[in-house]
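# Overview (structure and organization)
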Amino acid sequence: VTRWNRHCRVVRRQLLPQLETGSLSEEDQVSAMSEIMSSHHVTGFPINMRYSDASTIIETVYSTNVHVAEDPHVEFAMTVYIHPYANNVLSVWIYVGTLTKKY
């Protein structure tokens, strides 16, 4: 069974557009994630790439090996933000991560 952490997804959804504009500091990211980080060990990162095709994006996410988690209680988080530019250029941001509860 794959468990998805919806709260982390909601928080990251608000942060990804700020990464595109360069207006999000590392301190702001930690602050936004502080509630989640108080109860979970969080491992994850954003990926930014130009859209070329879906298979390239899937391959890029798959190559991170985030899906290879040994803990049976792991929860996953994934959020996507796409920013359009002129001439059909799309900047794709994908946050992938894992969360495990602190005991």
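On a predicted model such as this, the values are computed, not experimentally measured, just so you know.

Note on placement: serine 23 falls in the loop between α1 (6–21) and α2 (26–39). For serine 23, a relative accessible area of 46% translates into the label partly exposed. Distance in space between the C-alpha atoms of serine 23 and threonine 56 is 27 Å, their sequence separation being 33 residues. What serine 23 contacts, discounting residues up to four positions off in sequence, is Gln18 and Asp28.

Spatially, β1-β3-β2 is the arrangement adopted by the three strands of the open sheet, whose pairing is antiparallel. If you trace the sheet from one side to the other, it starts and ends with β1 (40–50) and β2 (75–85), each paired once. On average, each strand axis in the sheet is inclined to that of its neighbour by 15 degrees, with strand direction left out of account. Pairing geometry for β2 and strand β3 (residues 89–101), over 11 bridges, is antiparallel. Directly across from phenylalanine 76, in β3, lies its bridge partner threonine 98. Contacting β1, β2 and β3, α1 runs over the sheet at an angle of about 30 degrees to β2.

The next point concerns the side chain of glutamine 29. Looking at where glutamine 29 falls in the secondary structure, it is placed in helix α2. Looking at glutamine 29, the relative accessible area reads 18%, which means it is buried.

Rules used throughout
- Residues numbered from 1 in each chain as written.
- Predicted model: local features only at pLDDT ≥ 70, side-chain atom pairs only at ≥ 80, totals over all residues.
- Heavy atoms only, no water.
- Helix = DSSP H or I, 4+ residues; strand = E, 2+ residues; numbered from the N terminus.
- Buried < 20%, exposed > 50% of the residue type's maximum accessible area, 1.4 Å probe, protein only.
- Contact = heavy atoms within 4.5 Å.
- Pairing = 2+ DSSP bridges.
- Axes fitted to C-alpha atoms, helices over the stretch in contact; angles between N-to-C directions.

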